[in-house]
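A closer look at the structure
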Amino acid sequence: MGAGFGAGLGLALASSAFIGGSFVLKKKGLLRLCGRARAGQGGHAYLREWLWWAGLLCMGVGEAANFAAYAFAPATLVTPLGALSVLVSAVLSSIFLNEQLNVHGKIGCILSILGSTVMVIHAPQEEEVSSLDSMAEKLKDPGFIVFAVCVLVSSLLLIFVAGPRYGQSNVLVYVLVCSAIGSLSVSCVKGLGIALKELFSGKPVLKEPLGWVLLVCLVICISIQINYLNKALDIFSTSVVTPIYYVLFTTAVMTCSAILFKEWQHMVLDNVIGSISGFLTIVSGIFLLHAFRDMPFTPSLLPLFLQPARADPHPPWGTADRHQSCQHQPLLPSEDKGSQSAEEEEEEEK
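Small disclaimer: the values here were computed from a predicted structure and weren't measured.

Here is what the cut-offs are and how they apply
- Residues numbered from 1 in each chain as written.
- Predicted model: local features only at pLDDT ≥ 70, side-chain atom pairs only at ≥ 80, totals over all residues.
- Heavy atoms only, no water.
- Phe/Tyr/Trp six-rings, centres within 6.5 Å; stacked < 30°, edge-to-face > 60°.
- Helix = DSSP H or I, 4+ residues; strand = E, 2+ residues; numbered from the N terminus.
- Buried < 20%, exposed > 50% of the residue type's maximum accessible area, 1.4 Å probe, protein only.
- Patch = residues over 30% accessible without salt bridge, like charges linked within 9 Å, V, L, I, M, F, W, Y side chains within 5 Å.
- Areas by Shrake-Rupley, 256 points an atom, 1.4 Å probe, with all protein chains shown as cover.
- Salt bridge = Lys/Arg side-chain N within 4 Å of Asp/Glu carboxyl O.
- Core = buried A, V, L, I, M, F, W, Y, C linked by side-chain atoms within 4.5 Å.
- Contact = heavy atoms within 4.5 Å.
- UniProt positions renumbered as here; feature names shortened; annotations may be inferred.

So, about the packing of aromatic side chains. Across all of its chains, the model carries 3 aromatic pairs by this definition. Aromatic side chains Tyr-174 and Tyr-228 sit 5.6 Å apart centroid to centroid with 35 degrees between the ring planes, which places their arrangement in the tilted category. With a gap of 54 residues between them, Tyr-174 in helix α8 (residues 172-200) and Tyr-228 in helix α9 (residues 209-235) connect regions that are remote in the sequence. Residue classification places Tyr-174 among the buried positions, given a relative accessible area of 8%. Judged by centre distance (5.5 Å) and plane angle (20 degrees), the rings of Tyr-245 and Phe-249 are stacked. In this pair, Tyr-245 and Phe-249 both sit in helix α10 (residues 238-261), 4 residues apart, roughly one turn of the helix.

Here it is in structure tokens:
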């Protein structure tokens, strides 16, 4: 593991920690607005809360760290690790906001940590791309051109054909648009990160047209992502949109990164299996965190053998009754049996 890879990994983890903590800080600031106009009611009193501003600052620091991480580590590693921000937010919310983290959520946290660890161990090492010139060569690759054309054509079909027909009833329509366009935005971020590294090293990057083209493309891609992600969140539940968006977006980014940077070309089979297994484990954890977060899971719902010991209504095993089989037990109580025999005698007398 090189120094650049370690820096990218550290930045990705720091990004998840800052972004996850920002949600809790902003929520804490909003809860302090006792008697004042809340944000949900159109008020802006939260602008006078220092906790809300602290959360906004943490969000900015986290996004900046995430942006920088793409310049050092493979996108196949950085993007899946973004799921840890959900884990951090869930854990901190249960501690500082008294929000319930049920059994499903705790299992989801454990799975997310395990999956992230496996992905870090088996992360692919991308081809060396250290300048905008080498990035330009990558962008001219026929495989990436075919991939980009497929993404654009499918996105246009989803927006103008499938959207008006199925966008209000099928969650995949708008989420697929966000995920496909998002894969291109991550490539732009990767190129801009390389440009910034060259700029800080003293190279005349501002005169290179590729950097400006990547910046314009990034703004367009992010605008499309935000627009259609907001549409999906407005129509469907957050607990449904978030895990589906994470899975599709991460899959699209991993595919685009593998085609553009040839990250998987020199990987051995066990690293390929490890990376895929780690990703699927994170997906399972995110699904458990979101899909069941509003479901009350009490000990009474556990199987009987997992519940606390209760008073046994049956006689102890040490008594002689334990040797009596259920097949030898009378089917009716003695009183019922007596009343039944009396009825039979009356019928015989008649």
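The grouping of Ile-145, Val-149, Val-153, Leu-156, Leu-157, Phe-160 and Val-161 at the surface amounts to a nonpolar patch, some 650 Å² of accessible area in total. Summarising the element assignment, Val-149 is placed in helix α7 (residues 142-166).

The biggest cluster of nonpolar side chains holds 57 residues, and the ones touching the most others in it are Leu-77, Leu-81 and Leu-184. Setting aside residues up to four positions removed in sequence, Leu-77 forms contacts with Phe-5, Leu-9, Met-119, Val-120 and Ala-123. The next biggest cluster of nonpolar side chains, apart from the first, holds 8 residues, and it includes Ala-83, Met-119, Met-254 and Ile-286.

Within this numbering scheme, the UniProt entry marks residues 50-70, 77-97, 103-123, 144-165, 171-189, 210-229, 235-260 and 272-292 as carrying the feature "transmembrane region" (unreviewed entry). When the span residues 103-123 is considered, its composition is 90% helix and 0% strand, and the gap between its end C-alpha atoms is 30 Å. End C-alpha to end C-alpha, residues 272-292 measures 30 Å, and it is 95% helix and 0% strand.

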